[in-house]
Amino acid sequence: FKAHGTLRLDSLNLGGVPMEKFTASVDAGDRSLLLDHIDARIAGGALNGKWSIDWSGQSPRYNGGGAVTGAAIEKLNLPPAEAALLSAWVTGKASLRYDVQFSGKSQSEMLASAGGRTQFQVVNGASKSLAVEAGKPLKFMNLQGEFEFDHGNLKLLPGKIKTATRIYDFDGTVFLNNQQARLNLSSGTAQWKITGALGKPAISGKPASVQSVSAHR
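Anyway, here's the lowdown on the structure attached to this text. As the structure is a prediction and not an experimental result, all values here were calculated from the model.

What to know about the nonpolar core
Ile42, Ile161 and Leu185 are the most contacted members of the largest nonpolar core, which has 39 residues in total. Setting aside residues up to four positions removed in sequence, leucine 185 forms contacts with Val132, Ile161, Tyr168, Asp169, Phe170, Ala190, Gln191, Trp192 and Ile194. In terms of nonpolar packing, the next biggest core, distinct from the first, is built from 6 residues, Tyr62, Tyr98, Phe102 and Ala114 among them.

Structure below.
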């Protein structure tokens, strides 16, 4: 069995992420499905990519890659709990390029098998969870980094956050299975650790003087 066609949908929700004006070229076989030339609108931005699913083995295998450009994180229209968690960590306009592979029949199997890498950039945003100054969300002009999928976790590779007065370096790990974070944040001689539950992370560390860190802009 083989079939080819074009899929057009006014709206589509994939993995809890709503999209609009979705189009894709579809190639279907007995045990495979290919969605190519994917194009959609997402949170005021654009999405494009390519995904394939292979059912020939014991567990389905998924491969995907593509890009999102200019999506406003606060306009993703996620379920309330997920939207609140995401907006506490980061708001702003996001762009990313991703390449991911995973397999399995359940969400836990998919997370455990996931591999791949994503490069991301967020501009003109803020983070309440990275509020190194008590009571003040960390407002930034540019946040740029990269993460890898690692056995159900997100390994954040060294990245940078640029604010009006400082440049911060960050890295660490987000543990998806138990919703925990272990992140490192630094600026000049100042260093912080962000640990604990994603919904209520704890920040510990000793900040340096503004004068010393401003020299690293």
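Here we look at the packing of aromatic side chains
Taken as a whole, this structure holds 6 aromatic pairs when the rule is applied. With 5.6 Å between their ring centres and 85° between their planes, phenylalanine 147 and phenylalanine 149 make a pair best called edge-to-face. For phenylalanine 147, a relative accessible area of 16% corresponds to the buried category.

Re the environment of histidine 4
With respect to the helices and strands, the residue histidine 4 is situated in strand S1 (residues 2-14). Counting along the chain gives 21 residues from histidine 4 to serine 25, while the straight-line C-alpha distance between them is 7.6 Å. Not counting residues up to four positions away in its chain, the partners in contact with histidine 4 are Ser25, Val26 and Asp27. Of the polar contacts made by the side chain of histidine 4, one reaches the backbone oxygen of valine 26; its length is 3.3 Å. Within the structure, histidine 4 has its side chain in polar contact with the side chain of aspartate 27 (distance 2.8 Å).

What counts, and at which threshold
Residue numbers restart at each chain and count upward from 1, following the sequence in its written direction. Local features in a predicted model are, by the rule used here, given only for residues with pLDDT of at least 70; side-chain atom pairs are given and counted only at 80 or more, and totals for whole chains, interfaces and linings are based on all residues. Side-chain measures here rest on the full set of heavy atoms in the structure, leaving out hydrogens and waters. By nonpolar core is meant a set of buried Ala, Val, Leu, Ile, Met, Phe, Trp, Tyr and Cys residues that side-chain atoms within 4.5 Å join together. Using a 1.4 Å probe on the protein chains alone, a residue whose accessible area is under 20% of its type maximum counts as buried, one over 50% counts as exposed, and one in between counts as partly exposed. Throughout, a contact is declared for two residues whenever any of their heavy atoms are within 4.5 Å. Under the pairing criterion, centres of Phe, Tyr and Trp rings, with the six-membered ring standing for Trp, must be within 6.5 Å; the plane angle then separates stacked pairs below 30 degrees from edge-to-face pairs above 60, leaving the rest tilted. Each helix corresponds to a stretch of at least 4 residues labelled H or I by DSSP, and each strand to a stretch of at least 2 residues labelled E; elements are numbered beginning at the N terminus. Within 3.5 Å is the distance limit for a polar contact, defined as a pair of N or O atoms, with the added protein rule that one can donate a hydrogen and the other accept it, and that residues adjacent in sequence qualify only through two side-chain atoms.

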